[in-house]
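# Residue-level structural notes
Spelled out, the chains give:
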Amino acid sequence: KELENRPGEYKRIQHIIHTPIGDFDAIHWYPVSTIDYAWEKHYISSPDDLKRLRDAPYYPLSVDVSSYHAQLEKVGERGLLVVNVPNPFGVLVRAAKREDFFSWLILERTLMHDVFSVLFDHVVKKLEYLLPLLNARYFFSSGQELTLPPWMSQGMFEEYVTTYDSKIYGLIRKYGGKT
């Protein structure tokens, strides 16, 4: 919902995600001078929010993939259709203040592993449903750019990224996909 609108300057918009375990909300500033935005309030602001996210129910996915197949047919041999697989690490780091998120990786290690296990498991379940339907070959993911130094050490990368990403990429390769 729009909280403030200053024509020629910016808009402040509150985004609310309603879930069975309560609402998550964020406030963004949208300056007219750019297509980007700035955060005033993040969706995840405390370990309690992480616990709510971890405990949120999972609902199986049901998707109509006909638009993907129509695009694939349209592109044919003239192009390359690439499927985006949202990475829970990238989604979560953007949903919280960076300093909080990276502090929680150290101070809330068990909770962060619990949250990542749940979120990556959701992605794997969605891929197990979608991959046979899509018959896609090429995939990409983003968010890993936020795992490089100075944000994370090599040890933290192995602990938090390799451990979970390998589940997604292994499944994609199992179905003949390339990342």
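Below you will find a few notes about this structure. (Residues numbered from 1 in each chain as written. Predicted model: local features only at pLDDT ≥ 70, side-chain atom pairs only at ≥ 80, totals over all residues. Heavy atoms only, no water.)

### Observations concerning the pattern of salt bridges
For the coordinates displayed, the defined rule picks out 12 salt bridges. For arginine 54, the salt bridge identified is with aspartate 55, shortest N-O distance 2.8 Å. For arginine 54, a relative accessible area of 24% puts it in the partly exposed group. Overall, aspartate 55 belongs to the partly exposed group, its relative accessible area being 48%. The residue glutamate 145 makes a salt bridge to arginine 94 at a minimum N-O spacing of 2.6 Å. (Salt bridge = Lys/Arg side-chain N within 4 Å of Asp/Glu carboxyl O. Buried < 20%, exposed > 50% of the residue type's maximum accessible area, 1.4 Å probe, protein only.)

### Focus: the nonpolar core
In terms of nonpolar packing, the biggest core is built from 42 residues, with Phe101, Leu105 and Phe116 touching the most fellow members. Put simply, the parts of the chain that give this core at least two residues each are β3 (24-31), α3 (88-95), α4 (98-107), α5 (109-134) and α6 (154-174). Per-element tally for this core: the top contributor is α5, with 12 residues. Once residues within four sequence positions are removed from consideration, leucine 105 is found in contact with Phe89, Met112, Phe116, Met152, Met156 and Tyr160. (Core = buried A, V, L, I, M, F, W, Y, C linked by side-chain atoms within 4.5 Å. Helix = DSSP H or I, 4+ residues; strand = E, 2+ residues; numbered from the N terminus. Contact = heavy atoms within 4.5 Å.)

### Looking at the environment of leucine 105
Inspection of the secondary structure puts leucine 105 in helix α4. Taking the relative accessible area as the measure of exposure, leucine 105 reaches 0% and is therefore buried. Between the alpha carbons of leucine 105 and tyrosine 68 there is a distance of 36 Å; along the sequence they are 37 residues apart.

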